[in-house]
Amino acid sequence: MWRLVSLNLNGIRSAASKGWVEWVEKSGVDCMGVQELKAQAGDLTDALRTVAGMPGHFHCAVKKGYSGVGLYTRKTPSEVITGIGVPEFDDEGRYVEARFDTPRRKLSIISCYFPSGSAGPERQASKFRFLEAFFPYLELLKATREFILVGDVNIAHREIDLKNWRSNQKNSGFLPEERAWMTRALGAEADQLGLIDVHRSLRPDDTGEAYTWWSNRGAAWANNVGWRIDYQLATPALAATARAVSVYKAQRFSDHAPLIVDYELQL
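Residues numbered from 1 in each chain as written. Predicted model: local features only at pLDDT ≥ 70, side-chain atom pairs only at ≥ 80, totals over all residues. Heavy atoms only, no water.

Student: For the overall build of the protein chain, give the residues involved together with the corresponding values.
Tutor: The helix and strand tally for the protein chain stands at eight helices and 15 strands. The C-alpha atoms of the protein chain give 17 Å as radius of gyration, which agrees with the globular expectation for 267 residues (18 Å, within 12%). Along the first, second and third principal axes, the C-alpha set of the protein chain runs to 45 × 45 × 35 Å. For the protein chain, with 267 residues in total, the buried portion stands at 55%. Put simply, 68% of the contacts in the protein chain that link residues at least 6 apart link residues at least 24 apart. (Helix = DSSP H or I, 4+ residues; strand = E, 2+ residues; numbered from the N terminus. Rg over C-alpha atoms; globule rule 2.2 N^0.38 Å. Buried < 20%, exposed > 50% of the residue type's maximum accessible area, 1.4 Å probe, protein only. Contact = heavy atoms within 4.5 Å.)

Given below as structure tokens:
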């Protein structure tokens, strides 16, 4: 089995201080996508650049202490891509793709951090611009290669994906337009992308056990008032190799929890 993990760290140095590195070392991880580094390249010590023997590849934001993504992988990629070619979002450090191409196949693992719109109308408008730009980017990618995209998508797709869906229908992360984007990404019609939500493909009825993020307000964690906003989205052939999924909640490294999927796959 090949184990792929995604986790929004909410600060790589903060997560490391809470035992994240030690957890990775004992968890049998083969590849791990991380989001929200909140660090520049110069802030990453050797202990953070290589975790559990896996070298990391990073896309940091221009702004200090903001965003940033990384991808740790035991196997050496044939190529690493950072950014999607849109300066507004590339300056925010939101996309790193490791390619594992051979003469017989083209395959990518991607760590991506979708914008949050919760800070206000300006950020929500930026989020909508990202969604508009990213869909055709993924269309082109899917036309040429297999991939698994992991990351914090900042969207709960369906009512089953968050505890308080009724009271959040006008809030960023569960807006109709955002949910429609997810439906289009996961749908199999001609104008849709046809990706597979791997967690739902394996465990379609999970509710509270599938949540990956909890607000720091109130007692959201204690009462499991959560959202499922972290995903592993795969092209159908790769999704078909997924065998098990879980969300690790025994320790807390950030306000998100690690999403773990085991694939019957060799890079």
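Student: Quick rundown of the sheet that holds strand E3 (residues 50-51)? Include the residues and the values.
Tutor: Pairing within the open sheet is mixed, and its seven strands lie in the order E3-E4-E5-E2-E1-E15-E14. A single partner strand is all that each edge strand has here, and the edge strands are E3 and strand E14 (242-247). Summarising the sheet, E14 and strand E15 (residues 259-263) pair through five bridges and their orientation is antiparallel. Residue alanine 244 lies in a different strand from E15, and its bridge partner there is aspartate 262. (Pairing = 2+ DSSP bridges.)

Student: How would you summarise the pattern of salt bridges if you had to cite specific residues and measurements?
Tutor: Where charged atoms from two side chains of opposite charge come close, those side chains can pair. Taken as a whole, this structure holds 16 salt bridges when the rule is applied. One salt bridge connects arginine 123 with glutamate 92, and the closest N-O pair in it is separated by 3.4 Å. With a gap of 31 residues between them, arginine 123 in helix H5 (residues 121-144) and glutamate 92 in the loop between helix H4 (87-90) and strand E7 (95-99) connect regions that are remote in the sequence. Notably, a salt bridge pairs arginine 228 with aspartate 197, separated by 2.6 Å at the nearest N-O pair. Residue arginine 228 is found in the loop between strand E12 (226-227) and strand E13 (230-234), and its partner aspartate 197 is found in strand E10 (residues 196-197); the two are separated by 31 residues along the sequence. The exposure class assigned to arginine 228 is buried, which follows from its relative accessible area of 1%. Classification of aspartate 197 as buried rests on a relative accessible area of 8%. Salt bridges sharing partners connect three or more residues here, namely Asp161, Asp197, Arg200 and Arg228. (Salt bridge = Lys/Arg side-chain N within 4 Å of Asp/Glu carboxyl O.)

Student: Mind laying out the packing of aromatic side chains, listing which residues take part and the relevant values?
Tutor: Scanning the model with the defined rule gives 17 aromatic pairs in all. Note on phenylalanine 58 and tyrosine 72: the rings are 5.6 Å apart at their centroids and 85° apart in plane angle, and the pair reads as edge-to-face. With a gap of 14 residues between them, phenylalanine 58 in strand E4 (residues 54-59) and tyrosine 72 in strand E5 (residues 69-73) connect regions that are remote in the sequence. Across this residue pair, the class does not change: phenylalanine 58 and tyrosine 72 are buried. Note on phenylalanine 89 and phenylalanine 130: the rings are 5.2 Å apart at their centroids and 85° apart in plane angle, and the pair reads as edge-to-face. Of this pair, phenylalanine 89 sits in helix H4 while phenylalanine 130 sits in helix H5; the two residues are 41 residues apart in sequence, bridging distant segments of the chain. According to the relative accessible area criterion, phenylalanine 130 is buried, its value standing at 1%. Through pairs of rings, three or more aromatic residues link up here, namely Phe89, Tyr95, Phe114, Phe130, Phe134, Phe135, Tyr137 and Trp181. Over the ring of tyrosine 113 we find arginine 94; its NZ or CZ atom is 4.9 Å from the centre of that ring. When the ring centre of tryptophan 221 is taken as reference, the NZ or CZ atom of arginine 252 above it lies at 4.0 Å. (Phe/Tyr/Trp six-rings, centres within 6.5 Å; stacked < 30°, edge-to-face > 60°. Lys NZ or Arg CZ within 6 Å of the ring centre and 35° of its normal.)

Student: Please set out the sheet that holds E7 residue by residue, giving values where relevant.
Tutor: The strands making up a sheet associate through hydrogen bonds between their backbones, and the pairing can be parallel or antiparallel. Strands sit in the order E6-E7-E8-E9-E13-E10 across an open sheet of six strands; the sheet is mixed. Since the sheet does not close on itself, it has two edges, and those belong to strand E6 (79-82) and E10, each with one partner. Sheet analysis places E7 next to strand E8 (residues 107-113), joined by five bridges and oriented antiparallel. Its bridge partner being in E8, valine 96 is matched across the sheet by serine 111. Lying over the sheet, H5 contacts E6, E7, E8 and strand E9 (146-152), oriented at roughly 5° with respect to E7. (Axes fitted to C-alpha atoms, helices over the stretch in contact; angles between N-to-C directions.)

Student: Would you mind going over the packing of H5 against helix H6 (residues 176-186) in detail, with residue names and values included?
Tutor: Two elements in contact, H5 and H6, have axes whose closest approach is 11 Å; the angle formed by their N-to-C orientations is 10°. Put simply, H5 runs roughly parallel to H6. Across the interface between the two elements, Gln124, Lys127, Phe128, Leu131, Phe134, Phe135 and Leu138 from H5 touch Glu177, Glu178, Trp181, Arg184 and Ala185 from H6. For the contact of H5 with H6, the per-class residue count stands at seven nonpolar, one polar and four charged. (Parallel < 35°, antiparallel > 145°, perpendicular 65-115°, else oblique. Nonpolar A, V, L, I, M, F, W, Y, C, P; charged D, E, K, R; others polar.)

In short, shape yes, function no, at least from these values alone.
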